[in-house]
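# Coordinate inspection notes
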Amino acid sequence: MKTEKQKMLAGEMYDPLDKELSDDRTRCRNLFFEFNQIKEEDKPKRLKVLAQLVPEAGKNLWIEPPFYCDYGYNIKAGNNVFMNFDCVILDVMAVEIGDQTMFGPGVHIYTATHPLNAEERLSGREYAKPVKIGKKVWVGGGAIICPGVTIGDRAVIGAGSVVTKDIPNDVFAAGNPCKVIREIDNS
């Protein structure tokens, strides 16, 4: 029989109040609380706590506090990733962020979702869908990336967009819902 954590990571309905998951979230909250309180001049300490919070990070991950996430261990960030102030990642499932990707302030990424059926939703159980963001992507401030979305390499997402569907490589996309506006020549 699968544990609730195994169900969560497989994208199946699971109980988020499970003790193991609750303990994992408490550990994460304590780490991001510590991270968010570290003074600007103490960058070595900030980087040490960040490495504990997001252990699957490449070189030069930089996140401006405050930052919030559910677990941290489901975030896989490439090299030279930058997140501006007030980013939120609900990493119930994998969130992959490619090399040299930048987030403006207030970017939110959600993998967690809930059943549309009211009775199923009221059970308290939920599920998740992974999010994948390519290399050299720029996500404008205040954008929301919804569960199950893939954003292609070198794409630019306009500020305030709500990304509900996949976005291809080399495009500028914006809006609510986010749609491709034009192609970008990255040759």
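Check the entry above for the structure.
A brief look at the structure comes next. From a predicted model like this one, the values you see are computed outputs, not experimental measurements.

### Concerning the sheet that holds strand β15 (residues 150-151)
Pairing in this open sheet of five strands is parallel, and the strands run β1-β4-β7-β12-β15 from one edge to the other. The sheet is open, and its two edges are formed by β1 (56-57) and β15, each paired on a single side. Judged from the two bridges that link them, β1 and strand β4 (residues 75-77) form a sheet pairing that is parallel. Counted as the bridge partner of A57 is A77 from β4.

### Describing the packing of aromatic side chains
Scanning the model with the defined rule gives two aromatic pairs in all. Plain terms: the ring middles of Y71 and Y73 are 5.4 Å apart, the flat faces sit at 40° to each other, and that makes the pair tilted.

### With respect to the side chain of D70
Mapping D70 onto the fold places it in the loop between β3 (67-69) and β4. If we skip the residues at most four places from it in the chain, D70 touches D24, R25, C28, R29, I89, L90, D91 and V92.

### Observations concerning the packing of helix α2 (residues 19-37) against helix α3 (residues 43-53)
α3 packs onto α2 with a crossing angle of 160° between their chain directions and a minimal axis gap of 9 Å. Regarding the angle of α2 to α3, the classification is roughly antiparallel. Between α2 and α3 lies a crossing of left-handed hand. On α3, the residues touching R27, C28, L31, F32, E34 and F35 of α2 are K45, R46, V49, L50, Q52 and L53. Of the residues belonging to the contact of α2 with α3, the class tally is seven nonpolar, one polar and four charged.

The rules behind the values
Residues numbered from 1 in each chain as written. Predicted model: local features only at pLDDT ≥ 70, side-chain atom pairs only at ≥ 80, totals over all residues. Heavy atoms only, no water. Pairing = 2+ DSSP bridges. Helix = DSSP H or I, 4+ residues; strand = E, 2+ residues; numbered from the N terminus. Phe/Tyr/Trp six-rings, centres within 6.5 Å; stacked < 30°, edge-to-face > 60°. Contact = heavy atoms within 4.5 Å. Axes fitted to C-alpha atoms, helices over the stretch in contact; angles between N-to-C directions. Parallel < 35°, antiparallel > 145°, perpendicular 65-115°, else oblique. Left-handed = near helix turned anticlockwise from the far one by under 90°. Nonpolar A, V, L, I, M, F, W, Y, C, P; charged D, E, K, R; others polar.

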